[in-house]
Amino acid sequence: FNGAGLTLAAGGGGANVTGAATATGAASVTATGVLTIQSLTADTLLLRGSDLSLAQLLQATHACASGCTTPTLTIGNTQGGLNLGDGVSGAGAMNISAAELSAMKGGLVDLYAGDPANAAIRGNLTVGNATLDGTRIGTLELLAGTNYGATLSGVMAPGAAAGGNLVVGSADASTGWTPKAV
């Protein structure tokens, strides 16, 4: 696929993006099941599903709107919960491995332990071992709901070029994405 925008919504299961897909506008992929993505590049990306299987590249390339100044990649779990990095797992949570995180690129990458479009779906955030490469991700925001916790059990190491910002929870509690404990 190579076009102005991409919207893919799968109502009864997973969604697959095979091959390399590029949108010169926004891209949105939503499914109740697993998001299986070979390679996807767009100005902004919004992905919502129960789990993620990423093979090559997930990239946001341009500013998301007039109020946003950095390319934004947003990933949320439609069932709640997020496990990021290697050495962590849990039932009902979206699992993003260290290799999958390394395949992401954007000025701002927001990873939600829940569904950013549905306030009733939230879960715990668990971070294992991974590398934050500042040349690929400017700021990595890890977001969990107010009634849930964020556990950092592994090492989030800087990449070879260092840089990159790690933010756990929203500074604005009114967003509903500030965990009760870190």
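Residues numbered from 1 in each chain as written. Predicted model: local features only at pLDDT ≥ 70, side-chain atom pairs only at ≥ 80, totals over all residues. Heavy atoms only, no water.

Enquirer: How should I be thinking about the overall build of the chain in this particular structure?
Expert: Helix and strand counts for the chain come out as one helix and 18 strands. Its C-alpha atoms put the chain at 40 × 40 × 35 Å along the principal axes. For the chain, the residues scored as buried account for 48% of the 182 residues in total. In the chain, of all internal contacts separated by at least 6 residues, the share reaching a separation of at least 24 is 53%. (Helix = DSSP H or I, 4+ residues; strand = E, 2+ residues; numbered from the N terminus. Buried < 20%, exposed > 50% of the residue type's maximum accessible area, 1.4 Å probe, protein only. Contact = heavy atoms within 4.5 Å.)

Enquirer: Looking at this structure, how should I read the environment of Ala173?
Expert: Summarising the element assignment, Ala173 is placed in the segment after strand 18 (165-168). For Ala173, a relative accessible area of 52% gives the class exposed. In this structure, the C-alpha to C-alpha distance between Ala173 and Gly145, residues 28 residues apart in sequence, is 9.6 Å.

Enquirer: I keep staring at the sheet that holds strand 10 (residues 82-84) and nothing clicks. Help me out?
Expert: Paired through their backbone hydrogen bonds, the strands of a sheet run either parallel or antiparallel. Spatial ordering of the open sheet is given by 11-10-13-16, a layout of four strands whose pairing is parallel. Among the strands making up the open sheet, the edge pair consists of strand 11 (94-96) and strand 16 (150-152). Neighbour to neighbour, the strand axes of the sheet diverge by 10 degrees on average, direction disregarded. Strand direction decides the pairing type here: strand 10 and strand 13 (residues 125-127), joined by three bridges, are parallel. Across the sheet, the residue bridging to Asn83 is Thr126, located in strand 13. (Pairing = 2+ DSSP bridges. Axes fitted to C-alpha atoms, helices over the stretch in contact; angles between N-to-C directions.)

Enquirer: Looking at this structure, I do not really get the pattern of salt bridges. What am I missing?
Expert: In a structure, side chains of opposite charge can pair up when their charged atoms sit close to one another. One pass over the structure, following the stated rule, counts one salt bridge. The partner of Asp115 in a salt bridge is Arg48, with the nearest N and O atoms 2.7 Å apart. Taken together, the positions of Asp115 in the loop between strand 12 (104-113) and strand 13 and Arg48 in strand 6 (residues 44-49) put the pair 67 residues apart, joining distant regions of the chain. Take Asp115 and Arg48: they sit in the same class, and that class is buried. (Salt bridge = Lys/Arg side-chain N within 4 Å of Asp/Glu carboxyl O.)

Enquirer: Sorry if this is basic, but what is going on with the side chain of Thr41 here?
Expert: Structurally, the position occupied by Thr41 is in strand 5 (residues 34-42). Exposure remark for Thr41: the relative accessible area of 13% places this residue in the buried category. Among all residues touching Thr41, those that are not within four sequence positions of it are Ala21, Thr22, Ala23, Leu57, Gln59 and Thr61.

Enquirer: Any chance you could explain empty space enclosed by the protein here in plain terms?
Expert: Rolled over the atoms, a probe sized like a water molecule indicates the empty space that remains. Scanning the model with the defined rule gives one cavity of 30 Å³ or more in all. In this structure, the largest cavity encloses a volume near 40 Å³. Contributing to the lining of the largest cavity are Leu101, Ser102, Met104, Thr131, Leu132, Asp133, Arg136 and Ile137. Mapped onto the lining of the largest cavity, the elements with two or more residues apiece are helix 1 (98-102) and strand 14 (130-132). Tallied by class, residues from the lining of the largest cavity come to four nonpolar, two polar and two charged. (1 Å grid on protein atoms, 1.4 Å probe; cavity = no way out; pocket = protein on both sides within 12 Å on 5 of 7 lines; lining within 4 Å. Points joined across faces, edges and corners; volume = space filled by probe spheres on them. Nonpolar A, V, L, I, M, F, W, Y, C, P; charged D, E, K, R; others polar.)

Enquirer: Can you walk me through the confidence of the model for the chain in this structure?
Expert: The predicted coordinates should not be examined in detail at positions where pLDDT is low. Mean pLDDT for the chain: 89, with 96% of residues reaching 70 or above. Per-residue pLDDT, averaged within each element of the chain, yields its smallest value for strand 8 (residues 63-65) (61) and its largest for strand 10 (97). (pLDDT = per-residue confidence, 0-100.)

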